[in-house]
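# Architecture at a glance
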Amino acid sequence: MNQADLSRLHQQIRACQLCPLCEGRNFAVPGSGPAPAEIMLVGEAPGREEDLKGLPFIGRAGKLLDGALGQAGLERSKVFITSVIKCRPPQNRKPKKAEIDQCRPYLQAQIDILHPKIICLMGNTAAMAILGKQGVTSLRGQILQDRFLVTYHPAAVLRNRNLMEEFVSDLKKAGLMQRHLHSELFRKG
Ligand code: URA
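All of the points below concern the structure found in this document. A quick note: this is a predicted structure, and the numbers were derived from the prediction, not measured.

About the criteria used
Residues numbered from 1 in each chain as written. Predicted model: local features only at pLDDT ≥ 70, side-chain atom pairs only at ≥ 80, totals over all residues. Heavy atoms only, no water. Helix = DSSP H or I, 4+ residues; strand = E, 2+ residues; numbered from the N terminus. Rg over C-alpha atoms; globule rule 2.2 N^0.38 Å. Buried < 20%, exposed > 50% of the residue type's maximum accessible area, 1.4 Å probe, protein only. Contact = heavy atoms within 4.5 Å. Areas by Shrake-Rupley, 256 points an atom, 1.4 Å probe, with all protein chains shown as cover. Axes fitted to C-alpha atoms, helices over the stretch in contact; angles between N-to-C directions. Parallel < 35°, antiparallel > 145°, perpendicular 65-115°, else oblique. 1 Å grid on protein atoms, 1.4 Å probe; cavity = no way out; pocket = protein on both sides within 12 Å on 5 of 7 lines; lining within 4 Å. Points joined across faces, edges and corners; volume = space filled by probe spheres on them. Nonpolar A, V, L, I, M, F, W, Y, C, P; charged D, E, K, R; others polar. Salt bridge = Lys/Arg side-chain N within 4 Å of Asp/Glu carboxyl O. Pairing = 2+ DSSP bridges. Near = heavy atom within 4 Å. Polar contact = N/O pair within 3.5 Å; in protein donor to acceptor, adjacent residues only side chain to side chain. Sits in = over half its atoms within 2 Å of the grid points.

### Quick look at the overall build of the protein chain
Scanning the protein chain for helices and strands turns up nine helices and five strands. Taken from N to C terminus, the helices and strands of the protein chain fall in the order α-α-β-α-α-β-α-β-α-α-β-β-α-α. Taken against the 2.2 N^0.38 rule, which gives 16 Å for 189 residues, the C-alpha radius of gyration of the protein chain at 16 Å falls within 12% of a compact globule. Taken over the C-alpha atoms alone, the protein chain extends approximately 50 × 40 × 30 Å along its principal axes. The proportion of buried residues among the 189 residues of the protein chain is 50%. When contacts within the protein chain are restricted to residue pairs at least 6 apart in sequence, those whose partners lie at least 24 apart make up 73%. Accessible area of the protein chain: about 9800 Å², with a carbon and sulfur share of 52%.

### Here's the deal with the packing of helix α1 (residues 2–14) against helix α5 (residues 97–114)
Put simply, α1 and α5 touch, their axes get as near as 10 Å, and they point 170° apart. Considered as vectors, α1 and α5 are oriented roughly antiparallel to each other. The segment α1 lies against α5, with Asn2, Asp5, Leu6, Leu9, His10, Gln12 and Ile13 engaging Tyr106, Ala109, Gln110, Ile113 and Leu114.

### Description of the layout of surface pockets
Approximately 720 Å³ is the volume found for the largest pocket. Taken together, the elements giving at least two residues each to the lining of the largest pocket come down to α3 (48–53), α4 (60–71), α6 (124–131), α7 (136–139) and α8 (154–159). The leading source of residues in the lining of the largest pocket is α8, at four residues. Residues belonging to the lining of the largest pocket are distributed by class as follows: 12 nonpolar, 10 polar and eight charged.

### Some words on the pattern of salt bridges
Counted by the stated rule, this structure contains 11 salt bridges. Across the pair Arg93 and Glu99 runs a salt bridge, and its minimum N-O distance is 2.7 Å. Residue Arg93 is classed as partly exposed on the basis of its relative accessible area of 26%. With relative accessibility at 8%, the residue Glu99 sits in the buried group. Arg140 is paired through a salt bridge with Glu166; the nearest N and O atoms lie 3.3 Å apart. Taken as a pair, Arg140 in the loop between α7 and β4 (143–144) and Glu166 in helix α9 (residues 164–188) lie far apart in primary sequence, 26 residues in all. What you see here is one network of salt bridges that share partners, running through Lys97, Asp101 and Arg104.

### As for the pairing of strand β3 (residues 118–122)
Across the five residues that make up β3, a large majority, five, are buried. Here β3 shows no split at all, with Ile118, Cys120 and Met122 on one side and Ile119 and Leu121 on the other all buried. Here four bridges tie strand β1 (residues 39–43) to β3, and the two strands are oriented parallel to one another. Paired with Ile39 across the bridge in β3 is Ile118.

### Here's the deal with the site of the ligand
Residues in close proximity to the ligand include Gly43, Glu44, Ala45, Pro46, Glu50, Pro56, Phe57, Ser83 and His153, which together make up its full environment. Residue Ala45 places a main-chain N or O atom 3.1 Å away from an oxygen atom belonging to the ligand. Interatomic distance of 2.8 Å between a side-chain N/O atom of Ser83 and a nitrogen atom of the ligand. Out of a free accessible area of 230 Å², the ligand has 93% covered by protein chains. In a pocket analysis with a 2 Å cut-off to the grid points, the ligand is assigned to the largest pocket. Residue classes in the shell around the ligand are distributed as four nonpolar, three polar and two charged.

Rendered as structure tokens:
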């Protein structure tokens, strides 16, 4: 049921024409991963490589994310990866508020279908779109509203490799939360 709902939603996203970003895109990038998914990672917007293939985080930032997930003991195939907006903004500019507002219901629908226990908001755009808060440096590493964990965007870590240790530690925390929630469920029967 989850998978069918997700496929239907992703078809809708691929055909979306609600904002002008659809005119310049090659492919919309709904996201990828299992359904349901215990851990969800949310970035900002697809870049050039993602737009060409329709897949999330497959460019340089994606390679860095893969490495960080590995170091954190998480398998990429077991987490759901998406971005706040699903189409590439021209020249990789920051998404506009109107684009985020138009696209947010798709992210919300993904959350409703996937029921993630932990949602990692990677970067200010994701933190702002979902929590209405900015300031990754001060918000990172904290659990907010029981299931949100703010961390750096992988592109920020590419620009400043000194952030890698904290980025990996945040992803480890997501893994720990997942295991903790599992053992809680087990204890409650
Ligand atoms: N950055 C994002 O936020 N999302 C992608 O899919 C790729 C790069």
